[in-house]
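# Reading the structure
The primary structure of each chain is shown beneath.
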Amino acid sequence: MQKILSYPLSVIFYFVFGLCLVIFHPIQWICFNLFGYNAHRISVAVLNWFLVRSTHILGTTYRITGFENVPNNVPVIIVSNHQSLYDIPPFIWFLRKLHPKFISKKELGKGIPSVSYNLRHGGSALIDRKDPKQALPAIKKVAEYINENNYSVVIFPEGTRSKNGKPKEFSVNGLKMLYKFAPDAYFLPVTINNSWKMTRYGQFPLGLGNRLEFMIHPALKGADYSFEELIEKTEKIITQNIK
């Protein structure tokens, strides 16, 4: 019965979700080109408020814990497991004070209203996973950017989404570049639960009535650990809290 109901609700959701992206694309352009970085950042945050709220059409709710663990006025490397595309809007909205940037595959940098524009102009890194000569300098650039401006970057070290919630092994290359070129950064482990259930049937129809949980764990000052210690500790914290 739930899957049958999800067909019409998924159509309505995709219409509203897509409409938000189309409406905010010119808004982002105006904010970025006429008013600068802060106006653009606010427009992206507001967009993602709408994107988060649009998932309520599917009966999706959110539980965010650990806001007290978010450091202030320092660069932050947000390290998280990755379960679906619906992980992204909550990071941008709920952690908006950190000005989150993303390390994304280059294919997302074109063709998607609002999303592609923000990735190209908002300070994120667009990488070619098959070309380390391109990827590593792009990650170096975003690391230096957040270190200089006390912003944050979100990285999903699994490299791809988990379709059943079970964590994949972390890839360390990107993390190593961030650790090296953002020496003042704090690593902020975040565990996501239940996001994979949004796409339990695939991209259509979508799952209904899911409670997405984002657990923000205590931050780790990168300079206090060797890279190996830091990654081992971060991965353990994240994976041990996946339900």
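Let me begin by describing the structure that accompanies this report. (Residues numbered from 1 in each chain as written. Predicted model: local features only at pLDDT ≥ 70, side-chain atom pairs only at ≥ 80, totals over all residues. Heavy atoms only, no water.)

A few words now on the overall build of the chain. Secondary structure assignment for the chain yields seven helices and eight strands. In terms of overall size, the chain behaves like a compact globule, its C-alpha atoms giving a radius of gyration of 17 Å where 243 residues would be expected to give roughly 18 Å. Its C-alpha atoms give the chain principal-axis dimensions of roughly 50 × 45 × 35 Å. Burial analysis of the chain (243 residues in total) assigns 49% to the buried set. (Helix = DSSP H or I, 4+ residues; strand = E, 2+ residues; numbered from the N terminus. Rg over C-alpha atoms; globule rule 2.2 N^0.38 Å. Buried < 20%, exposed > 50% of the residue type's maximum accessible area, 1.4 Å probe, protein only.)

Counting across every chain of the model gives two cavities of 30 Å³ or more. Considering only enclosed or pocket space, the largest cavity measures out at about 160 Å³ in volume. Arg41, Val44, Pro100, Lys101 and Asn118 are, among the 14 residues lining the largest cavity, the residues nearest its centre. For the lining of the largest cavity, the secondary-structure elements that each account for two or more residues are helix H2 (37-54) and strand S3 (100-105). Per-class residue counts for the lining of the largest cavity are six nonpolar, five polar and three charged. Of the voids in this model, the second largest cavity is the one considered here, and its volume is about 50 Å³. Lining the second largest cavity, in full, are Ile64, Pro90, Phe91, Phe94, Leu95, Val190, Phe214 and Ile216. In terms of residue count, the dominant contributor to the lining of the second largest cavity is helix H3 (residues 88-94) (three residues). (1 Å grid on protein atoms, 1.4 Å probe; cavity = no way out; pocket = protein on both sides within 12 Å on 5 of 7 lines; lining within 4 Å. Points joined across faces, edges and corners; volume = space filled by probe spheres on them. Nonpolar A, V, L, I, M, F, W, Y, C, P; charged D, E, K, R; others polar.)

Moving on: the packing of aromatic side chains. Applying the stated criterion to the full structure yields 15 aromatic pairs. The structure contains a cluster of three or more aromatic residues connected by ring pairs, namely Phe13, Tyr14, Phe17 and Tyr86. Its guanidinium or amino end placed over the ring of Tyr151, Lys101 lies 4.9 Å from that ring's centre, counting from NZ or CZ. Lying across the ring of Phe181, Lys140 places its NZ or CZ 5.0 Å from the centre. (Phe/Tyr/Trp six-rings, centres within 6.5 Å; stacked < 30°, edge-to-face > 60°. Lys NZ or Arg CZ within 6 Å of the ring centre and 35° of its normal.)

With respect to the helices and strands, the residue Tyr86 is situated in the loop between strand S2 (76-80) and H3. Considering only alpha carbons, one finds Tyr86 and Phe214, 128 residues apart in sequence, at a separation of 12 Å. Once residues lying within four places of it in the same chain are set aside, the contact partners of Tyr86 are Phe13, Tyr14, Thr55, Ser195, Met198, Thr199, Gln203, Leu206 and Leu212. (Contact = heavy atoms within 4.5 Å.)

Another aspect to go through is helix H7 (residues 227-240). The end-to-end C-alpha distance of H7, which contains 14 residues, comes to 20 Å, matching closely the 20 Å that a straight helix rising 1.5 Å per residue would cover. Among the residues of H7, Phe227, Leu230, Ile231, Thr234, Ile237 and Ile238 are the ones counted as buried. Buried positions in H7, seen along its axis, are confined to an arc of 135° and lie on one side of it. Along H7, exposed side chains directed more than 90 degrees from the buried face belong to Glu228, Glu232 and Gln240. The elements touched by buried residues of H7 are S2, helix H6 (173-181), strand S6 (186-193) and strand S8 (220-221). (Expected span 1.5 Å × (residues − 1). Arc of directions from axis to C-beta.)

Right, let's talk about the pattern of salt bridges for a bit. Tallied over the entire structure, the rule returns three salt bridges. For Lys140, the salt bridge goes to Glu144, with nearest N and O atoms at 2.9 Å. One end of the pair, Lys140, and the other, Glu144, are both in helix H5 (residues 132-149), four residues apart, so they sit about a helical turn from each other. Exposure remark for Glu144: the relative accessible area of 29% places this residue in the partly exposed category. Among the salt bridges present, the one from Glu213 reaches Lys243, with a minimum N-O distance of 2.9 Å. With Glu213 in strand S7 (residues 211-216) and Lys243 in the segment after H7, this pair connects stretches of sequence that are 30 residues apart. For Glu213, a relative accessible area of 10% puts it in the buried group. (Salt bridge = Lys/Arg side-chain N within 4 Å of Asp/Glu carboxyl O.)

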